[in-house]
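# Residue-level structural notes
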Amino acid sequence: MQELPARGYRGHVRVAIAGGRGLLGRALREHLEQGGWTVVCLSRTPGPGDVPWDPARGRLDPEVLRGCEAVVNLAGARIAPARWTPAYKREIRESRVRSTHLLASVLPRLDPPARVFLSASATGYYGPRPWEEVLEEASPPGRGFLASVCMEWEEATDPARKAGVRTVLLRTGPVLSPRGGFLAPMLPIFRLGLGGPVGTGSQGVSWIALEDWVQAVEFLLVDASLHGPVNLTAPNPVRFAEFARTLGRVLRRPAVLRVPAFVVRLLFGREMAEETLLSGQRAVPRRLREAGFVFRHPDLEAALRALLAPSAR
């Protein structure tokens, strides 16, 4: 069953994106507009065509969302690379929880109410886990700062969910794109032949190609059967050591220079290093696949070759 028109329908569906200036937001906006959706971008510093809001102060005029049938929330301060000072950890948490709660509280009051609310989360919900543990959406939350942030982030959607707005939690893994995200900062190092595993290299990388991420978000906007948490990860996660070897092979460069854990801790601080670079998860997209979503880039090497082909740059 579909509650919103599928890709290719033109001139009807109006969707708002909060956090539309980041890598994911820009890609999603471009993808949806090419498919005929009307996109409204919420911004704290609005440019031409954007609409203003101030989540830190709880300010969002419901009128700016009038006619929006769907809202995608991607707002939040970046997690890495940055030192997690107490002040910055507070910003990471509050920028996500406040923006999400504000949107979730406003959507049911629209006339007519929004029908779909897609709100960002992350595979960090599961916390650091050993590679041997396969994580699906029903897996319990983990421990640590990021896991606690993700739990509060997801709970902040409750006003919309309880009011009957179909709410989907986008538990996104590391997104691969040469323009940003997880992959882009590595490329200069690996192209020089100076890349390699970080720490032991045994940590899981539940990656997803940017193209698949935007296709999956559109799929979730349209498919009325899906609600609650959904892992946005490729079906074949890898350990970091395999990720490094594969990237080196695609770039035709050696990838054997291991970055010791103590160096990562010195550069970024122990807590941030341990939770983002020296640990990981093996999360799989069970609900997406059961719903019939087809990944264009399910395997890492083929995905990297497609992403880094001259025509894709």
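A short tour of the structure in this document, coming up. (Residues numbered from 1 in each chain as written. Predicted model: local features only at pLDDT ≥ 70, side-chain atom pairs only at ≥ 80, totals over all residues. Heavy atoms only, no water.)

## Here we look at the sheet that holds strand E9 (residues 180-181)
- The three strands lie next to each other as E9-E8-E11, forming an open sheet whose pairing is mixed. Looking at the sheet topology across the chains shown, the edges are occupied by E9 and strand E11 (208-209).
- Pairing of strand E8 (residues 175-177) with E11, which is carried by two bridges, proceeds in the parallel orientation. In the sheet register, valine 175 faces E11, and the bridge partner there is isoleucine 208. (Pairing = 2+ DSSP bridges. Helix = DSSP H or I, 4+ residues; strand = E, 2+ residues; numbered from the N terminus.)

## Concerning the packing of aromatic side chains
- Enumeration over the complete set of coordinates arrives at seven aromatic pairs.
- Judged by centre distance (5.4 Å) and plane angle (75°), the ring pair of phenylalanine 182 and phenylalanine 243 falls under edge-to-face. Placement of phenylalanine 182 in the loop between E9 and helix H5 (187-191) and of phenylalanine 243 in helix H7 (residues 240-251) is noted, with a sequence separation of 61 residues between them.
- Ring centres of phenylalanine 293 and phenylalanine 295 lie 5.0 Å apart, and the angle between their planes is 85°; this geometry places the pair in the edge-to-face category.
- Following the ring pairs from residue to residue traces out a cluster consisting of Phe182, Phe240 and Phe243.
- The residue whose ring lies beneath arginine 96 is tryptophan 153, and the NZ or CZ to ring-centre distance is 4.9 Å. (Phe/Tyr/Trp six-rings, centres within 6.5 Å; stacked < 30°, edge-to-face > 60°. Lys NZ or Arg CZ within 6 Å of the ring centre and 35° of its normal.)

## Remarks on a nonpolar patch on the surface
- On the surface, Ile189, Leu192, Leu194, Val256 and Leu257 cluster together into a nonpolar patch covering about 510 Å² of accessible area.
- Mapped onto the secondary structure, isoleucine 189 falls in helix H5. (Patch = residues over 30% accessible without salt bridge, like charges linked within 9 Å, V, L, I, M, F, W, Y side chains within 5 Å. Areas by Shrake-Rupley, 256 points an atom, 1.4 Å probe, with all protein chains shown as cover. Salt bridge = Lys/Arg side-chain N within 4 Å of Asp/Glu carboxyl O.)

## A look at the sheet that holds strand E3 (residues 51-52)
- In space, the seven strands of this open sheet follow the order E3-E2-E1-E4-E5-E7-E12, with parallel pairing throughout. Edge positions in the open sheet fall to E3 and strand E12 (228-232), since each of these has one partner strand only.
- When strand E5 (residues 116-122) meets strand E7 (residues 166-172), the two strands line up parallel, connected through seven bridges. Paired with alanine 120 across the strands is leucine 170, a residue of E7.
- Across the sheet, helix H1 (residues 23-34) touches strand E1 (14-18), strand E2 (38-43) and strand E4 (70-73), and the angle it forms with E1 is around 170°.
- Along the sheet, helix H3 (residues 145-155) contacts E5 and E7; its crossing angle with E5, the most-contacted strand, is approximately 175°. (Contact = heavy atoms within 4.5 Å. Axes fitted to C-alpha atoms, helices over the stretch in contact; angles between N-to-C directions.)

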